Amino acid sequence: MLAAKLQTEIQNKVNKKIAPLFSKYNLDFSGLESSMKWKPIVLIIGNYSSGKSTLINEIIGTNVQRTGQAPTDDAFTVITSEGSHRPEEVPGSTLINDDQLPFVKFKKYGEKLTSHLCLKNINSPKFADMAIIDSPGMLDATTEKDRGYDYMEVLGEFAKMADLIVLMFDPHKAGTIKETYSAIRNTLPEKSGEDRIIFVMSRIDECDNISDLVRSYGTLCWNMSQMTGRKDIPHIYLTYSPDVTSSIKASDLWPQERTELIEKIFAAPGLRLNHILEDIDRQVNELQIVCEALAEFTQRGRKLFRKIGKVTVGLAAGLFCFGDVLTNSLISLPRQTLISSLRGEAFSITNLIVPLIFLCGTLTIGLLVFKNFGFKGLLKKTLSNSGDLVQLDNEYRRNLWNKMAGATNKILQNINARDIWQAHSSNLNKIHHFLDEDLKKYYDKLRS
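Residues numbered from 1 in each chain as written. Predicted model: local features only at pLDDT ≥ 70, side-chain atom pairs only at ≥ 80, totals over all residues. Heavy atoms only, no water.

1. Concerning the sheet that holds strand β1 (residues 41-46)
Quick reminder of the rule: When DSSP finds at least two bridges between two strands, those strands are taken to pair. Counting from the N terminus, the helices are DSSP H or I runs at least four residues long and the strands are E runs at least two residues long. Axes here refer to lines fitted to C-alpha atoms; in helices the fit is confined to the stretch in contact. Angles between the N-to-C directions go from 0 to 180 degrees. Should any heavy atoms of two residues lie within 4.5 Å, those residues are considered in contact.
Ordered in space as β3-β4-β2-β5-β1-β6-β7-β8, the 8 strands form an open sheet in which the pairing is mixed. With one partner strand each, in any of the chains shown, β3 (89-91) and β8 (236-238) form the two edges of the open sheet. Each neighbouring strand pair of the sheet contributes to a mean axis angle of 20°, computed without reference to strand direction. Note: β3 against strand β4 (residues 117-121), 3 bridges, orientation antiparallel. Its bridge partner lying in β4, Pro-91 is registered against Cys-118. Across the sheet, helix α4 (residues 52-60) lies against β1, β2 (76-80), β5 (131-134) and β6 (164-169), angled at about 160° from β5, the strand it touches most.

2. Comments concerning unusual backbone geometry
Here Asn-26, not a glycine, exhibits a phi torsion of approximately 55°, which is positive. Looking at where Asn-26 falls in the secondary structure, it is placed in the loop between α2 (19-24) and α3 (30-36). Positive phi, close to 60°, is recorded for Arg-203, a residue that is not glycine. Tracing the backbone through its elements, the reader meets Arg-203 in the loop between β7 (197-201) and α9 (210-228).

3. Digging into a nonpolar patch on the surface
Put simply, the rule reads: Excluding any residue in a salt bridge, patches collect residues exceeding 30% relative accessible area, merging like charges within 9 Å and nonpolar Val, Leu, Ile, Met, Phe, Trp and Tyr side chains within 5 Å. Working definition of accessibility: Shrake-Rupley area with a 1.4 Å probe, residue cover restricted to the visible protein chains. The salt bridge definition used is simple: a Lys or Arg side-chain nitrogen within 4 Å of an Asp or Glu carboxyl oxygen. Three exposure classes are used, based on accessible area relative to the maximum for each residue type with a 1.4 Å probe and protein chains only: buried under 20%, partly exposed in between, and exposed over 50%.
Side chains of Leu-326, Leu-330, Ile-331 and Leu-333 sit close together on the surface and give an oily, nonpolar patch of about 440 Å² of accessible area. Structurally, Leu-326 can be placed in helix α12 (residues 272-331). Note on Leu-326: relative accessible area 48%, which makes it partly exposed.

4. Some points on the nonpolar core
Soluble globular proteins tend to pack their nonpolar side chains together in the buried interior. What counts, and what does not: Joining through side-chain atoms within 4.5 Å is the link that ties buried Ala, Val, Leu, Ile, Met, Phe, Trp, Tyr and Cys residues into a set, and such a set is a nonpolar core.
Counting residues in hydrophobic clusters, the biggest one holds 50 residues, and the most contacted among them are Leu-43, Phe-76, Phe-103, Phe-106, Leu-155 and Phe-158. Per element, the largest residue contribution to this core is 7 residues, and it comes from helix α7 (residues 151-161). Not counting chain neighbours up to four residues away, the residues in contact with Phe-158 comprise Leu-43, Phe-76, Phe-103, Phe-106, Leu-117 and Ile-133. Core analysis: the next-biggest nonpolar cluster, separate from the first, contains 47 residues, Tyr-25, Cys-291, Phe-370 and Val-390 among them.

5. What about α12?
Stated precisely, the cut-off is as follows: An expected span of 1.5 Å times one less than the residue number is assigned to each helix. To obtain the bend at a residue, axes are fitted to the seven residues ending there and to the seven starting there, and the angle between these axes is taken.
Compared with an ideal rise of 1.5 Å per residue, which puts 60 residues at 88 Å, α12 spans 82 Å between its outermost C-alpha atoms and is within 8% of the ideal. Largest kink in α12: about 55°, centred on Phe-322. Looking one or two places after α12, you find Ser-332, whose phi comes out positive at around 65°.

6. Section: the packing of aromatic side chains
Quick reminder of the rule: We call Phe, Tyr and Trp rings a pair once their centres come within 6.5 Å, taking the six-membered ring for Trp, and we label the pair stacked below 30 degrees between planes, edge-to-face above 60, and tilted otherwise.
Summed over all chains, the structure comprises 13 aromatic pairs. With a centroid separation of 5.4 Å and an interplanar angle of 50°, the aromatic rings of Phe-22 and Phe-29 are classed as tilted. Comparing Phe-22 with Phe-29 shows no difference in burial state: the two are buried. Geometrically, the ring pair formed by Phe-370 and Phe-375 is tilted, given 6.2 Å between the ring centres and 55° between the ring planes.

7. Structural notes on the domain arrangement of the protein
Just so we agree on the cut-off: As used throughout, domain bounds are those supplied by an automatic or database domain assignment.
Per the domain assignment, the segments of the protein are domain 1 (40-253) and domain 2 (287-447). Taken over C-alpha atoms, the centre of domain 1 sits 54 Å from the centre of domain 2.

8. Quick notes on the pattern of salt bridges
Under the definition given, this model contains 21 salt bridges. For Asp-279, the salt bridge is made with Arg-196, and the minimal N-O distance between the two is 3.0 Å. Taken together, the positions of Asp-279 in helix α12 and Arg-196 in the loop between α8 (178-191) and β7 put the pair 83 residues apart, joining distant regions of the chain. Note on accessibility: Asp-279 and Arg-196 belong to one class, buried. Salt-bridge contacts for Asp-388 lead to Arg-300; the nearest nitrogen and oxygen are separated by 3.3 Å. Of this pair, Asp-388 sits in the loop between α14 (353-384) and α15 (395-413) while Arg-300 sits in helix α12, placing them 88 residues apart in sequence. A relative accessible area of 45% means that Asp-388 is categorised as partly exposed.

Structure (structure tokens):
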């Protein structure tokens, strides 16, 4: 109850202080918004024969998902306990239109995904405060039929929402599926933290003997090193389902980490608040570096404006005082200059006409020079090396900038001269205050 109250408090604070800034800088807020909504999520992924559905049925205690060697379910299925106010099965068209749920953002992927998305409402107290998402089995690119939506992109969005991702393999396809490679190499690192992913080799009872298991395990480890690009391999849970095994030797000889795996899954809700704060911290830092770059650019723009303005004003003042003297000597107009009228001769308001023309014309030309030459030159130079706008003095900052440079350049490409007066520095101060004060306060609450 305390965790739910704190989650709501965090959500309200972010929506009030930070969400408007995401909107101002055209940055995607949906991922952060989704992570703060609803309940803890465990995402189960893997190839179609890796034992995902069998594991889910075992966790729930009843056969909710179909199982089999061939593909049996090609939908993203959200399994949770929502109470009697929801029907037993909720179609995707309802999920993506319910603002209380974190699935509204999936509307953009169209009807093909919507028709392969559903929620199963089960009667289980254990799932009142958590949800499991079963995913379509990963396939080889050579055999995959077009799903009608970008599977990897959708998977990344679910991964971004998840507090725990269980990636399952089977000994017959130990990490050789093309989509598995793409997920581990690209999608998951971009969308989730390494600490949220656990790896499982399931169905190990189907190995003929221990030597066969060792070969499969070794193959998976080698493939994992290729996919992650790392020499150190994360822990891989070795497991099988005692309820469906056909091996009479499995209980005596096979390693079994099923209990530890299930305990890890049920421990995921305890990490929810910490993950929410991590997501907020990460995405607000992304916002901060964009704002920081724009604040520096506008500061340079104002400095250039003052430099051109100083020359322009000086020139305008000189021409205001002596411009009519020049025209009088060249074309005898005006017949009486401003200076001569002020020296005692009859002063008339008409004596200001030519000086004011010189004054306004010079200021206008100065503005045009700044807009069409000075500002455009500054913008072109900046876009050629926008990383110069921010300090990149450590690896974290460099990685952050590499991720957000594209978004920053997109904003810069659409900026115009009058935007140098925007209050990016003020926005940057708001972000600093949120990170240094508000976010720190919530971290302290978690530790206490």
